[in-house]
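Architecture and fold: a report
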Amino acid sequence: MNSELMNLTILLPYQVFAEKKGVSRIVAESHEGLFGLLPHRLDCVAALQPGILTYETESEDEVYVAVDEGVLIKTGQDVLVSAHDAIFGTDLSQLHETVEKEFLTLDENEQKIRSVMEKLETGLIRRLSEFRNV
């Protein structure tokens, strides 16, 4: 296996959803839009919004995962995605429907909870970036 490739771990609140080694690229969706990660990209942290995360490994072509809100952290060759929920799929249109139906349709209480969580995540990201600049 090429040491220049990334290791991707997707965590859910109740389990490790996926652990993939040999990942050559990742595309995810933040509140600012789509962004890509390659193995030599600088370390970063991003708040994810519900959408489709795509990754490619040496042994698999593109793999699609519908992910709910969460955080992506890249440190060195390791990429950690922590999300509220995730679903593997092969049909992009079906995954987009799942994202809209399951992840974007929230009741009022869940919207309030997510708003608080987003503020906490944003605060954490801000503090981590301040800590890095010290």
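Notes on the structure in this doc start here. For clarity, every value in this text was computed on a predicted model and none was experimentally measured.

With that out of the way, let us pick up empty space enclosed by the protein. Following the criterion strictly, the structure yields one cavity of 30 Å³ or more and no others. If you go around the largest cavity, the residues you meet are H31, A47, L48, E69, G70, E118 and E121. Every element with two or more residues in the lining of the largest cavity is listed here: β4 (44-48) and α2 (108-132). For the lining of the largest cavity, the per-class residue count stands at two nonpolar, two polar and three charged.

Now for the pattern of salt bridges. Close approach of charged atoms allows side chains of opposite charge to pair. One pass over the structure, following the stated rule, counts three salt bridges. Linking E60 and K20 is a salt bridge whose minimum nitrogen-to-oxygen distance equals 3.9 Å. Taken together, the residues span a long stretch of sequence, with E60 in the loop between β5 (51-57) and β6 (62-67) and K20 in strand β2 (residues 15-30) at a distance of 40 residues. Take E60: its relative accessible area is 28%, and that puts it in the partly exposed class. Across the pair R25 and E62 runs a salt bridge whose closest N-O atoms are separated by 2.2 Å.

Conventions and cut-offs
Residues numbered from 1 in each chain as written. Predicted model: local features only at pLDDT ≥ 70, side-chain atom pairs only at ≥ 80, totals over all residues. Heavy atoms only, no water. 1 Å grid on protein atoms, 1.4 Å probe; cavity = no way out; pocket = protein on both sides within 12 Å on 5 of 7 lines; lining within 4 Å. Points joined across faces, edges and corners; volume = space filled by probe spheres on them. Helix = DSSP H or I, 4+ residues; strand = E, 2+ residues; numbered from the N terminus. Nonpolar A, V, L, I, M, F, W, Y, C, P; charged D, E, K, R; others polar. Salt bridge = Lys/Arg side-chain N within 4 Å of Asp/Glu carboxyl O. Buried < 20%, exposed > 50% of the residue type's maximum accessible area, 1.4 Å probe, protein only.

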